[in-house]
Amino acid sequence: MALMFLTETVRAYRKRDPAARSNLEVLLCYPGLHAVAIHGVSSFLWRHRWYFLGRFVSNIGRFLTGIEIHPGARLGRRFVIDHGMGVVIGETAELGDDVYIYHQVTLGGISTAPGKRHPTIGDNVIIGAGAKVLGAIAVGDGARIGANAVVVAPVPAGTTVVGIPARPVEHGTGPVTGNPRCEAYGTPVDPGLDPLLHELDLLRGELTELEHRIAKLAGERV
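Residues numbered from 1 in each chain as written. Predicted model: local features only at pLDDT ≥ 70, side-chain atom pairs only at ≥ 80, totals over all residues. Heavy atoms only, no water.

A. Structural context of helix H4 (residues 51–65). Its 15 residues place the ends of H4 21 Å apart at the C-alpha level, agreeing with the 21 Å of an ideal helix rising 1.5 Å per residue. Of all the residues in H4, the buried ones are Gly 54, Val 57, Ser 58, Gly 61 and Thr 65. In a view along the axis of H4, the buried residues occupy a sector of 100 degrees, so they form one face of it. Residues Phe 52 and Phe 63 are exposed on H4 and point more than 90 degrees away from its buried face. Where H4 is buried, its residues touch helix H3 (31–47) and strand S1 (68–69). Gly 66 sits one or two residues past H4 and shows a positive phi near 75 degrees. (Helix = DSSP H or I, 4+ residues; strand = E, 2+ residues; numbered from the N terminus. Expected span 1.5 Å × (residues − 1). Buried < 20%, exposed > 50% of the residue type's maximum accessible area, 1.4 Å probe, protein only. Arc of directions from axis to C-beta. Contact = heavy atoms within 4.5 Å.)

Here's what the structure looks like:
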């Protein structure tokens, strides 16, 4: 079973990353693969109530790879972590199959209460570099989360979200997947459709409208 898991994960890396030239290169040089393999050991220990050993092995994985995956987290098959440095996956996070995330992604919690605190990620989800998915929320199958987005609300299946806080987008095409506006590294394809610039334009419009209202009220009082 472990060999099958490793083999299909290596194939997933070869499929996703054109820089991967051989299976041996993936096995020896990809910290994301190493982190997932180490998590398999720490998770086994955790599930058998050897909590200290599970955390200890997990901490070794963090030291070696720069990727922190809590042993209580549940990972699906063919999970790919691209680059990986700075990735944090919390204790109650659950990931489906064929999830693809970039570096500095956080699947974190916003509560200190016991129980489910971290996100549930569906199958075939892509999460761009620097994105934060926070709380016990669900990200549906096939969703796309743009780089540096902060997601604090559920994301429906097949939806692409960007920005802070993350919002759905409908126009433009991202360079990685062909889905709307999935910018894995935060570089918009069409600067005219940049979500942050769009938000600034909306704020400018609202400010102008408020200025007109204030001027009108001032005129009426005079």
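More follows now that the structure is in view.
B. How the structure looks around empty space enclosed by the protein. Going through the model one piece at a time under the given rule, you end up with one cavity of 30 Å³ or more. For the largest cavity, the calculated volume is near 50 Å³. Lining the largest cavity are Ala 35, Ile 38, His 39, Ser 58, Gly 61, Arg 62, Thr 65, Ile 67, Glu 68 and Ile 69. Residue assignment for the lining of the largest cavity shows that the elements contributing at least two residues are H3, H4 and S1. (1 Å grid on protein atoms, 1.4 Å probe; cavity = no way out; pocket = protein on both sides within 12 Å on 5 of 7 lines; lining within 4 Å. Points joined across faces, edges and corners; volume = space filled by probe spheres on them.)

C. Structural view of the packing of aromatic side chains. In total, this model carries four aromatic pairs according to the counting rule given. Ring geometry for Phe 52 versus Phe 56: centroids 6.2 Å apart, planes at 20 degrees, classification stacked. Taken together, the residues Phe 52 and Phe 56, both in helix H4 and four residues apart, mark about one turn of the helix. For Phe 52, a relative accessible area of 65% corresponds to the exposed category. (Phe/Tyr/Trp six-rings, centres within 6.5 Å; stacked < 30°, edge-to-face > 60°.)

D. Quick peek at the sheet that holds strand S11 (residues 144–145). Pairing in this open sheet of six strands is mixed, and the strands run S2-S5-S8-S11-S13-S14 from one edge to the other. A single partner strand is all that each edge strand has here, and the edge strands are strand S2 (80–81) and strand S14 (167–168). (Pairing = 2+ DSSP bridges.)

E. Representation of the side chain of His 39. Mapped onto the secondary structure, His 39 falls in helix H3. For His 39, the residues in contact, after removing those within four places along its chain, are Ile 69, His 70, Pro 71, Ala 73 and Leu 75.

F. Spotlight on the pattern of salt bridges. Counted under the stated rule, the structure contains seven salt bridges. Taking the shortest distance from any N to any O, the salt bridge between Arg 62 and Glu 68 comes out at 2.9 Å. Notably, a salt bridge pairs Glu 91 with Arg 117, separated by 3.0 Å at the nearest N-O pair. One end of the pair, Glu 91, is in the loop between strand S3 (88–89) and strand S4 (94–95); the other, Arg 117, is in the loop between strand S6 (106–108) and strand S7 (120–121), with 26 residues separating them in the sequence. (Salt bridge = Lys/Arg side-chain N within 4 Å of Asp/Glu carboxyl O.)

G. Local environment of unusual backbone geometry. Here Ile 164 and Pro 165 are connected by a cis peptide whose omega angle stands at -10 degrees. Tracing the chain through its elements places Pro 165 in the loop between strand S13 (160–162) and S14. Backbone geometry places His 83, a non-glycine residue, at a positive phi of 70 degrees.

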